[in-house]
Amino acid sequence: MKTTPPPLITEPDPSALTCPTDRVGFCAGCQRKTHKYGSGGCPLCQWCMGPVMKQWGPAVRYISTRT
């Protein structure tokens with residue numbers, strides 16, 4: 001199966017284009033704009049999240065470590 005390479009970092013993750021601008025932030029991995037905050041937000045863009053899901057499975061979740 002052939003996969004297409006990710007676009008340039010200057011191109012936002014498609015999720016950033018469909019959410020309110022106050023929920024857009026930078027990917028923790030590559031610094032690409034992505035839907036980072038609020039409901040449905042993820043600290044990683046879809047291209048950085050792919051290898052994480054491959055390693056940990058689709059049930060991977062984020063737990064806040066802030067106190």
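What counts and what doesn't
Residues numbered from 1 in each chain as written. Predicted model: local features only at pLDDT ≥ 70, side-chain atom pairs only at ≥ 80, totals over all residues. Heavy atoms only, no water. Helix = DSSP H or I, 4+ residues; strand = E, 2+ residues; numbered from the N terminus. Buried < 20%, exposed > 50% of the residue type's maximum accessible area, 1.4 Å probe, protein only. Contact = heavy atoms within 4.5 Å. Areas by Shrake-Rupley, 256 points an atom, 1.4 Å probe, with all protein chains shown as cover. pLDDT = per-residue confidence, 0-100. Lys, Arg positive; Asp, Glu negative; His and termini not counted. Salt bridge = Lys/Arg side-chain N within 4 Å of Asp/Glu carboxyl O.

### Looking at the overall build of the protein chain
Along the protein chain, the regular secondary structure elements total 2 helices and 2 strands. For the protein chain, the proportion of its 67 residues judged to be buried stands at 19%. For the protein chain, long-range pairs separated by at least 24 residues make up 13% of all intrachain contacts whose partners lie at least 6 apart in sequence. Entry remark: accessible area of the protein chain is about 5,500 Å², with carbon and sulfur atoms responsible for 60%.

### Some points on the environment of alanine 16
Structurally, alanine 16 can be placed in helix α1 (residues 14–17). Alanine 16 gets classed as buried once you look at its relative accessible area, which sits at 12%. Each C-alpha atom, one on alanine 16 and one on lysine 36, is 8.2 Å from the other, the two residues being 20 residues apart in sequence. Sequence-distant contacts of alanine 16, defined by excluding residues within four places in its chain, comprise Val24, Lys33, Thr34 and His35.

### Some points on the confidence of the model for the protein chain
Summary statistics for the protein chain give a mean pLDDT of 83 and a share of 85% for residues scoring 70 or more. Here helix α2 (residues 46–56) stands out as the element of the protein chain with the lowest mean pLDDT, 86, in contrast to strand β1 (residues 24–26), whose mean of 93 is the highest.

### Some words on the side chain of aspartate 13
With respect to the helices and strands, aspartate 13 occurs in the segment before α1. An unpaired buried charge is present at aspartate 13: no salt bridge exists, and arginine 32, the closest side chain of opposite charge, is 5.9 Å distant. Excluding residues within four positions of it along the chain, aspartate 13 makes contact with Arg32, Lys33, Thr34, Cys45, Gln46 and Trp47.

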